[in-house]
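An overview of the molecular structure
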Amino acid sequence: MERTATVKRTTKETDIEVTICLDGTGKTDIHTGIGFFDHMLDGFARHGLFDLSVKAAGDLDVDCHHTVEDTGIVLGTAIAQALGKKEGIRRYGHFLLPMDETLVLCAIDLSGRPYLNFDASFAAERTGGLDTEMIREFFYAVSYSAMMNLHLKVLDGSNSHHMAEALFKGFGRALDMATAPEPRIRDAWTTKGTL
Ligand SMILES: [Mn+2]
């Protein structure tokens, strides 16, 4: 059975709908109104082999803040719903993603205890229509709403586009590993009995 979820969230600032299938092939349909953010979410889904649809209409006349943060909340919620009880999965995932001069580390524990360790500083204030300071806010929102432990570190890098893209792709790869089925176990992989 495919693990999939659709989550809709509407506030005075944004109107967002996300559908994710964790057992997909990397098919995407992403429209946030921020071209660079679409490019990032596309890289995340393609490299995680998730099918991902994102429709976000936000107050971009203010700035990109609400749209990016709220998309993170809805995506994280959809990931949590698609995972359900997290039975029979690997739980931990990690990846080292190189992109030209950039090297990014991502490590994940689908522990049920949200935590973000984000270590990246961008030379550019903006990549396309995305304020680079929003990249941390996005991952913070995802980690808390999906209740995952998420470590993201740019170990090396100078080009902000590469750094951002490597973070999203590395996150996709690591999440694919963490959500992958582990046929040797039937329950959640923990000594506590539940995640
Ligand atoms: Mn690119």
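Structure: see above.
Residues numbered from 1 in each chain as written. Predicted model: local features only at pLDDT ≥ 70, side-chain atom pairs only at ≥ 80, totals over all residues. Heavy atoms only, no water.

Quick notes on the coordination of the manganese ion
Within the protein, the atoms that donate to the manganese ion are H39 (NE2), H161 (NE2) and E165 (OE), at distances of 2.0 to 2.3 Å. Along the chain, the residues that donate to the manganese ion are spaced as H-x121-H-x3-E. Here the residue H39 occupies a position in helix α1 (residues 35-48), and H161 occupies one in helix α4 (residues 160-179), the gap between them amounting to 122 residues. (Donors = N, O, S within 2.8 Å, 3.2 Å for Na, K, Ca; no water. Helix = DSSP H or I, 4+ residues; strand = E, 2+ residues; numbered from the N terminus.)

Considerations on the pattern of salt bridges
Where charged atoms from two side chains of opposite charge approach closely, those side chains can pair. Under the defined criterion, the tally for this structure stands at 11 salt bridges. Across the salt bridge formed by K153 and D119, the nearest N and O atoms sit 3.7 Å from each other. Here D119 lies in strand β7 (residues 115-119) and K153 lies in strand β10 (residues 149-156), a separation of 34 residues in the sequence. Judged by its relative accessible area of 27%, K153 falls in the partly exposed class. For D119, a relative accessible area of 39% gives the class partly exposed. Measuring nitrogen to oxygen at the nearest pair gives 4.0 Å for the salt bridge that ties E125 to R126. By sharing partners, the salt bridges in this structure join K8, D15 and E17 into a single network. (Salt bridge = Lys/Arg side-chain N within 4 Å of Asp/Glu carboxyl O. Buried < 20%, exposed > 50% of the residue type's maximum accessible area, 1.4 Å probe, protein only.)

Focus: the pairing of strand β6 (residues 102-109)
Sheet topology note: the strand β5 (residues 92-99)/β6 ladder contains eight bridges and is antiparallel. Following the sheet pairing, L97 is matched in β6 by V104. Taken together, β5 and the strand that follows it, β6, pair antiparallel across an intervening segment of two residues, in which D100 is found at a positive phi of about 50 degrees. Sheet analysis places β6 next to β10, joined by seven bridges and oriented antiparallel. Bridging across to β10, A107 finds its partner in H151. (Pairing = 2+ DSSP bridges.)

Considerations on the environment of T194
Within the secondary structure, T194 is located in the segment after α4. The spacing of T194 and D51 is 143 residues in sequence and 27 Å in space, taken between C-alpha atoms.

A word on the sheet that holds β7
Ordered in space as β5-β6-β10-β7, the four strands form an open sheet in which the pairing is mixed. Single-partner strands in this sheet number two, and they are β5 and β7. The sheet shows a mean angle of 10 degrees between the axes of neighbouring strands, taken without regard to direction. Sitting on the sheet, helix α3 (residues 133-145) touches β7 and β10, and the angle it makes with β7 is about 160 degrees. Strands in contact with α4 are β5, β6, β7 and β10; relative to β5, the strand with the most contacts, it is inclined by about 150 degrees. (Axes fitted to C-alpha atoms, helices over the stretch in contact; angles between N-to-C directions. Contact = heavy atoms within 4.5 Å.)

Quick word on the side chain of D51
Tracing the backbone through its elements, the reader meets D51 in strand β4 (residues 51-58). The contacts of D51, once residues within four sequence positions are left out, are T19, I20, C21, G24, T25, G26 and K27.

Examining the pairing of strand β1 (residues 4-10)
By the bridge criterion, seven bridges tie β1 to strand β2 (residues 14-21) in an arrangement that is antiparallel. The residue of β2 that forms the bridge with T4 is C21. Hairpin connection, β1 to β2: the antiparallel pair is bridged by three residues.

Considering the packing of α1 against helix α2 (residues 65-83)
For the pair α1 and α2, the least separation of the axes is 12 Å and the interaxial angle reads 20 degrees. Relative to α2, the element α1 lies roughly parallel. Regarding α1 and α2, the two cross each other, and that crossing is right-handed. Residues F37, L41 and F44 of α1 form the contact with α2, whose participating residues are T67, V68, T71 and L75. Of the residues in the contact of α1 with α2, the class split is five nonpolar, two polar and no charged. (Parallel < 35°, antiparallel > 145°, perpendicular 65-115°, else oblique. Left-handed = near helix turned anticlockwise from the far one by under 90°. Nonpolar A, V, L, I, M, F, W, Y, C, P; charged D, E, K, R; others polar.)

Section: the environment of T190
Topologically, T190 is positioned in the segment after α4. Separated by 99 residues in the primary sequence, T190 and R91 have C-alpha atoms spaced 8.9 Å apart. Sequence-distant contacts of T190, that is, excluding residues within four places in its chain, are made with R91 and L195.

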